[in-house]
Amino acid sequence: MPPLNTPCTAILFSAVFSNIALGAGCQSVDILEPTASTTLPSTSDSLAALFEFLPRTSSATVPDVARKIRALHRRDPLLVDKILDVIDERSDAERVRLMEALAVIGPDAAKAVPTMFRLEREYLERLRATNPDISPVPGHTISLLRVMRLDQADIVRELERMIREGDAVEAEAGILSMAMIRGNSRVAIEAVERRMRQTPHDSEFLQFLSLAESIRPGYLRNPPRDVRERLLRATADENPAAALLAARLTMMLDLPEEQRITHAVSAVASVLSYLSDPDAEKEGGGSGLLAVREFRIEDGSSPALLRELKDESAYRRGAAGLLAAFSRSPAAKRVELVAPLLDDPDPVVRRSAVYGLAASGGEAAAVTAPKLEQIRQTDPNQDVREEAASALRSLHGRP
């Protein structure tokens, strides 16, 4: 099959399996019943007939093609099975066309749902393996299921079958797909919980936990006790990415605000510890500070955060300063809490305070400009001086 290069390739592989709904240059589906004018190729093999009229440069979901596919399926009720028998042997481009054909057949093709999700999963894995710098987003199959007009319950049922009966790859694809559609499936939740308990790695545990929350929104409000306890421990993980993810998930637990703050401070302190390693800094760890913006403590002057601002650990003091800077308190209050840290004896804390003040911005933070200028010129630590210079540019509206 020749290369596909029309606007409708928005729903084909490469952007292909991407989170793009039908549209943007593609005709929407208009599935009509066959009419007397509907003609099919003169062949006794319905699969061969299908390949004869599947389009090469446009979507199989356009009305004229959709009519023919529906008519062919009415003549041969085994067409879905025949497509499933050969789809794995075809090229990526041909698989897309066959998946589109399954979609326009409608609910009678529900048994194809696991295969469609699996093929998308396999394609994305190949794409990531050959292009490590890109992060393709799944979604093509979901858009086709809208065309298929399946009820949510039908999709959930097919994905549950995929999770129960499929091999490891199919089961994983089923779980991920269930998370995408927020399927609220007991079968999927139990499968994810088994994987959470089996993995010794916090990073994998947290990814599975994120999936559980996507599958059943609200899961984290009251997870199983062992899951909850492991999540809380993970906020102190040495891996800053794992610690931050754990802290974000912890914010969803039904916890007192004081405990939320304690675990958030632990996670951000892990990032600051990581950033203090010169080798880690060279690997681009500085971007980890951006993740702190996701933690929005309601009250920057809460007793728990005030205690953390005076903790004996420089990492915890610096973390508390950042959380105060990004809290929901009024800007003037945030500056009042963070500005004293500019005189902290530890450069980790001073740098965190400078970063937090620059992020606060506005007139409230601008009053610290003279102090930041002094730090830029005289601070004994080069990283702190550079951070102050960056903060001053930010406060003055310069890049």
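Values in this document were obtained by computation on a predicted structure and should not be read as measured data. (Residues numbered from 1 in each chain as written. Predicted model: local features only at pLDDT ≥ 70, side-chain atom pairs only at ≥ 80, totals over all residues. Heavy atoms only, no water.)

**Some points on the environment of R317**
Alright, step 1. Structurally, R317 can be placed in helix α16 (residues 314–325).
Alright, step 2. Put simply, R317 and L306 are 11 residues apart on the chain and 9.5 Å apart in space, counted from C-alpha to C-alpha.
Alright, step 3. If we skip the residues at most four places from it in the chain, R317 touches E308, L309, K310, D311, E312, L341, D344, D346 and V349. (Helix = DSSP H or I, 4+ residues; strand = E, 2+ residues; numbered from the N terminus. Contact = heavy atoms within 4.5 Å.)

**Looking at helix α17 (residues 331–338)**
Alright, step 1. The set of residues buried in α17 consists of R334, V335, L337 and V338. The buried side chains of α17 occupy one side of the element, clustering within an arc of 160 degrees when seen end-on. Residues of α17 that are exposed and point over 90 degrees away from its buried face: A332 and E336.
Alright, step 2. Buried-residue contacts for α17 involve α15 (303–308), α16, α18 (347–360) and α19 (362–366). (Buried < 20%, exposed > 50% of the residue type's maximum accessible area, 1.4 Å probe, protein only. Arc of directions from axis to C-beta.)

**Points about the nonpolar core**
Alright, step 1. Counting 71 residues, the largest nonpolar core has L50, I69, L206, L209 and L231 as its most contacted members.
Alright, step 2. Among the elements that take part in this core, helix α4 (residues 92–105) stands out by supplying 7 residues, more than any other.
Alright, step 3. Beyond its immediate chain neighbours, meaning those up to four positions away, L231 contacts F205, L206, L209, L220, A246, L249, T250 and L253.
Alright, step 4. Core analysis: the second largest hydrophobic core is formed by 47 residues, A247, V292, L337 and A365 among them. (Core = buried A, V, L, I, M, F, W, Y, C linked by side-chain atoms within 4.5 Å.)

**What about the packing of helix α20 (residues 369–378) against helix α21 (residues 382–395)?**
Alright, step 1. Where α20 meets α21, the closest approach of the two axes is 7 Å, and the angle between their N-to-C directions is 145 degrees. Considering how the two elements wind past one another, α20 and α21 form a crossing that is left-handed. Across the interface between the two elements, A369, L372, E373, I375, R376 and Q377 of α20 pack against V384, R385, A388, A389, A391, L392 and L395 of α21.
Alright, step 2. In the contact of α20 with α21, the residues fall into 9 nonpolar, 1 polar and 3 charged. (Axes fitted to C-alpha atoms, helices over the stretch in contact; angles between N-to-C directions. Left-handed = near helix turned anticlockwise from the far one by under 90°. Nonpolar A, V, L, I, M, F, W, Y, C, P; charged D, E, K, R; others polar.)

**Let's talk about the side chain of R118**
Alright, step 1. Residue position: R118 is located in helix α5 (residues 113–130).
Alright, step 2. There is a polar contact of 2.9 Å between the side chain of R118 and the side chain of D88.
Alright, step 3. One polar contact links R118 to E170, side chain to side chain, over a distance of 3.4 Å.
Alright, step 4. Filtering out sequence-adjacent residues up to four positions away, R118 remains in contact with D88, M162, E170 and A173. (Polar contact = N/O pair within 3.5 Å; in protein donor to acceptor, adjacent residues only side chain to side chain.)

**A few points about the confidence of the model for the protein**
Alright, step 1. Per-residue confidence for the protein gives a mean pLDDT of 80, with 82% of residues at or over 70.
Alright, step 2. Confidence, expressed as mean pLDDT per element, reaches its minimum in the protein at helix α14 (residues 278–282) with 52 and its maximum at helix α9 (residues 186–198) with 96.
Alright, step 3. Long-range and interchain partners of residues 1–44, a stretch whose pLDDT sits below 50, account for 100 contacts in this model, where long-range means more than four residues apart.
Alright, step 4. Here residues 281–287 is a poorly scored stretch, pLDDT under 50, and it has 8 contacts once near neighbours within four places are set aside; other chains count. (pLDDT = per-residue confidence, 0-100.)

**Description of unusual backbone geometry**
Alright, step 1. A positive phi angle, close to 60 degrees, is found at R149, a residue other than glycine.
Alright, step 2. The residue N184 is not glycine, and still its phi comes out positive at about 50 degrees.
Alright, step 3. By the secondary structure assignment, N184 is in the loop between α8 (168–180) and α9.
Alright, step 4. For N184, a relative accessible area of 47% puts it in the partly exposed group.

**Quick word on the side chain of E308**
Alright, step 1. With respect to the helices, strands and loops of the structure, E308 is situated in helix α15.
Alright, step 2. Given the relative accessible area of 9%, E308 is considered buried.
Alright, step 3. At 2.9 Å, the side chain of E308 and the side chain of R316 are in polar contact.
Alright, step 4. With sequence-adjacent residues up to four places away left out, E308 is seen in contact with T262, V265, R316, R317 and A320.

**Brief notes about the pattern of salt bridges**
Alright, step 1. One pass over the structure, following the stated rule, counts 28 salt bridges.
Alright, step 2. Among the ionic pairs, R376 bridges to E373, the shortest N-O distance being 2.5 Å. Of this pair, R376 and E373 both sit in helix α20, 3 residues apart, roughly one helical turn.
Alright, step 3. Given the relative accessible area of 27%, E373 is considered partly exposed.
Alright, step 4. A network of salt bridges, in which partner residues are shared, links D88, R118, E122 and E170. (Salt bridge = Lys/Arg side-chain N within 4 Å of Asp/Glu carboxyl O.)

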